[in-house]
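Examination of the molecular architecture
Listed below, chain by chain, are the residues.
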2 protein chains.
Amino acid sequence: MDEFELIDRLAGRLKEMGGSPISGVVGIGDDCAAIPHEGGLMLLTCDIAVEGRHWLSGRTPLEDVGWRVATANASDIAACGGSPAYALVSLGVPQGWDPVLLDSLYQGLAEGASQYGFQIIGGNVSTAQELIVDLFMVGTANRFVSRSGARPGDVVMVSGPLGDAAAGLEVLKELDPMKPMESLPPYGAALANGWLRPKARCDMAAALAKHATAAIDISDGLSSELNHLAKAGEIHLAVESARLPLSPALKAFAQHKQTSPLDWALHGGDGYQLLFTCPPDQQTLFAPLGAIPIGQVKSGTGVSLDGRELPPGGWNHLE
Amino acid sequence: MDEFELIDRLAGRLKEMGGSPISGVVGIGDDCAAIPHEGGLMLLTCDIAVEGRHWLSGRTPLEDVGWRVATANASDIAACGGSPAYALVSLGVPQGWDPVLLDSLYQGLAEGASQYGFQIIGGNVSTAQELIVDLFMVGTANRFVSRSGARPGDVVMVSGPLGDAAAGLEVLKELDPMKPMESLPPYGAALANGWLRPKARCDMAAALAKHATAAIDISDGLSSELNHLAKAGEIHLAVESARLPLSPALKAFAQHKQTSPLDWALHGGDGYQLLFTCPPDQQTLFAPLGAIPIGQVKSGTGVSLDGRELPPGGWNHLE
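Basis of the calculations
Residues numbered from 1 in each chain as written. Chains lettered and ligands numbered in written order. Predicted model: local features only at pLDDT ≥ 70, side-chain atom pairs only at ≥ 80, totals over all residues. Helix = DSSP H or I, 4+ residues; strand = E, 2+ residues; numbered from the N terminus. Rg over C-alpha atoms; globule rule 2.2 N^0.38 Å. Buried ≥ 20, exposed ≤ 12 C-beta atoms within 10 Å, placed from the backbone. Pairing = 2+ DSSP bridges. Axes fitted to C-alpha atoms, helices over the stretch in contact; angles between N-to-C directions. Contact = placed C-beta atoms within 7 Å. Domains from an automatic or database assignment. Nonpolar A, V, L, I, M, F, W, Y, C, P; charged D, E, K, R; others polar. Parallel < 35°, antiparallel > 145°, perpendicular 65-115°, else oblique. Left-handed = near helix turned anticlockwise from the far one by under 90°.

With that out of the way, let us pick up the overall build of chain A. Summing up its helical and strand segments, chain A has 9 helices and 12 strands in all. For 319 residues, the compact-globule estimate of 2.2 N^0.38 gives 20 Å, and chain A sits close to it at 19 Å. Viewed in the frame of its principal axes, chain A has a C-alpha envelope of about 55 × 55 × 40 Å.

Residue and element names in this part refer to chain A. One non-glycine residue, Glu234, lies in positive phi territory at about 55 degrees. Position of Glu234 among the secondary structure elements: in the loop between helix 7 (222-233) and strand 8 (236-239). Phi at Gln258 is positive, roughly 50 degrees, even though this residue is not glycine. Tracing the chain through its elements places Gln258 in the loop between helix 8 (248-256) and helix 9 (262-267). Accessibility expressed as a C-beta count within 10 Å gives 6 for Gln258, which makes it exposed.

Turning our attention to the sheet that holds strand 5 (residues 132-141) of chain B. All names here are of chain B. One open sheet accounts for 5 strands, arranged 1-2-5-3-4; its pairing is mixed. The sheet terminates laterally at strand 1 (33-37) and strand 4 (119-127), the two strands that pair on one side only. Ignoring which end each strand starts from, the neighbouring axes of this sheet average 20 degrees apart. In the packing of helix 2 (residues 62-79) onto the sheet, contacts are made with strand 2 (40-50), strand 3 (83-93) and strand 5, and the angle to strand 2 comes to roughly 145 degrees.

Next up on the list: the domain arrangement of chain A. By a frequent convention, interface size equals the accessible area lost on bringing the separate parts together. Residues and elements named next belong to chain A. Domain boundaries in chain A define domain 1 (31-141) and domain 2 (155-309). Between the C-alpha centres of domain 1 and domain 2 there is a distance of 22 Å. In this assembly, 19 residues from domain 1 lie in contact with 19 residues from domain 2. Every element with two or more residues in the side of domain 1 that touches domain 2 is listed here: helix 2 (62-79) and strand 3 (83-93). Each residue belonging to the side of domain 1 that touches domain 2 can be placed in one class, and the counts come to 9 nonpolar, 5 polar and 5 charged.

The subject of this paragraph is the pairing of strand 8 of chain A. All names here are of chain A. Burial along strand 8 is one-sided: the residues Leu237 and Val239 are buried and none of His236 and Ala238 is. Looking at chain direction, strand 8 and strand 10 (residues 292-298) are connected through 4 bridges and run antiparallel. Within strand 10, the residue paired with Leu237 across the bridge is Val297. Where strand 8 lies against strand 11 (residues 303-305), 3 bridges are found, and the strand directions are parallel. Within strand 11, the residue paired with Ala238 across the bridge is Ser304.

A few words on the sheet that holds strand 10 of chain A. Residues and elements named next belong to chain A. Spatial strand order, 7-9-6-10-8-11-12: 7 strands in an open sheet with mixed pairing. Taken across any chain shown, the strands that pair with only one partner, and hence form the sheet edges, are strand 7 (214-217) and strand 12 (308-309). Where helix 2 meets the sheet, its contacts fall on strand 7 and strand 9 (274-278), and the angle it forms with strand 7 comes to roughly 175 degrees.

What follows concerns the packing of helix 5 (residues 186-196) of chain B against helix 8 (residues 248-256) of chain B. For any two helices packed against each other, one specifies the inter-axial angle together with the distance between the axes. Residues and elements named next belong to chain B. Viewed as axis vectors pointing N to C, helix 5 and helix 8 meet at an angle of 120 degrees, and their least axial separation amounts to 9 Å. In terms of axis orientation, helix 5 runs oblique to helix 8. The element helix 5 and its partner helix 8 pack so that their crossing is left-handed. Seen from helix 5, the contacting residues are Tyr187, Gly188, Ala190 and Leu191; seen from helix 8, they are Ala249, Leu250, Ala252 and Phe253. Considered class by class, the residues forming the contact of helix 5 with helix 8 number 7 nonpolar, 1 polar and no charged.

So, in structure tokens, the structure goes:
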């Protein structure tokens, strides 16, 4: 049973036990939940990061761990068309840990708070076997951009280059632990930075709220998120591989590896670009933000790449 | 460095880095954070529970784990004078776990949701070395009852019998794992139930919001919470041991152990009664809910029991 099956199972159990849904409330199954707030919406999300699972234990600087957790949450808020506002942080800390290391973690969280415009207003601490950082983020939005609104005729868009973070993690894993980051070639350093310091696309949230019909963040890889979007919207997504935006660094890395960059671009997670759909006449409104069209929404089900079925192949936190 | 020192340190770091506080927002240092919402307040809190730390690994039924996490969060909301409304749940799950066990956990959470009137609207899942349940709860309130409002002349109150849960945990630890709960004497079963199924005092929240000057929930033990309240309010709390409410079950257990029940009542955690202060002429308003006076608020600092200093001696999650 993978992460998504587990979430489906738990959502089903809660639905059985929880009675009728509340009017105006968006529940389990999207990047955020939403409740009515001050004439608009309040978005709620949480993302847990576990040592050795979401970062390289002893090798990933804790500043970057803090940044990445802030980014993962801010990205969920942005994908729903909202702006981060507040956060609570839950920590599980191994006994005997040096508090100075936690200062580093908090430094990264504070940098994320400053970048994305939220304030950390609470939290709690327990001991645990490994370091655990669970951030709960609250955002605000005027309109909820869900996963399910794509319509046949819409354009499929991504907000920027794909696969850099996943390739960067590979670079970091291959880097001799005794050597500094500076020993990496320029493309390696750029990709590593793409994993250590991904950016949530909060700059796109307002445009999404105005013009997007559906959106999701690419935390688990494009192929995985395309399938989520197709399933939620009960539509078919036809994507062209030649259109996928690739960074010069990813191309250089792929050339060095004598392989295609497409595997990272299609299946690599952790990059936090956004995948969304909009009517064709509105796609140019996203161009100044770096977003480009990669395909079409059609009637039907599932996802195709260059006319062939594209199953989900992305990152699954329980694999 | 204990849990409270760690939270102070982290709060200090965030203050250094986070800029000026936002008007109308209550931040780190109380049972909940609060933000303006629909003409009133939204309360935000989170409580993390870790296998082997917050429950007896392999011996505490997961239904009860779910209930206890729901209770811990609902109690934070009640202590601030609010009502639970929504929750998100973050899970860390060991690889290869049987999903049926998670159904049990969710059964307990759903029972808590039904009891306390909140709805679980989101969450996320990761693998971890031990089972971890982190609940984020959102509540609503008309007025924020903080830890810091007690004034000299106020009465110190508790919402009900103290120490049952802590004694119940002792009973459960001493119970032969091969024997059923039914083999316990009646007082043992009552105490064990006090630990497995504590009740958040959400029934008191409305009265607290109207009449209390300060409040805190007794999750870490009375002596610990009295000291938090004294420190936050910059006042002295003078408590009389003869007034501490003790259940017949706790008295019977203490008699069996040939010891005083006071140690559990003063220092035992996990019971989730509320400790609060109110003007003397309003104490009778709480009587129908089972709350009774245990002492006086005076000018000064610290806590005294029968005239002698009472240092914090309660449960600390990092010890």
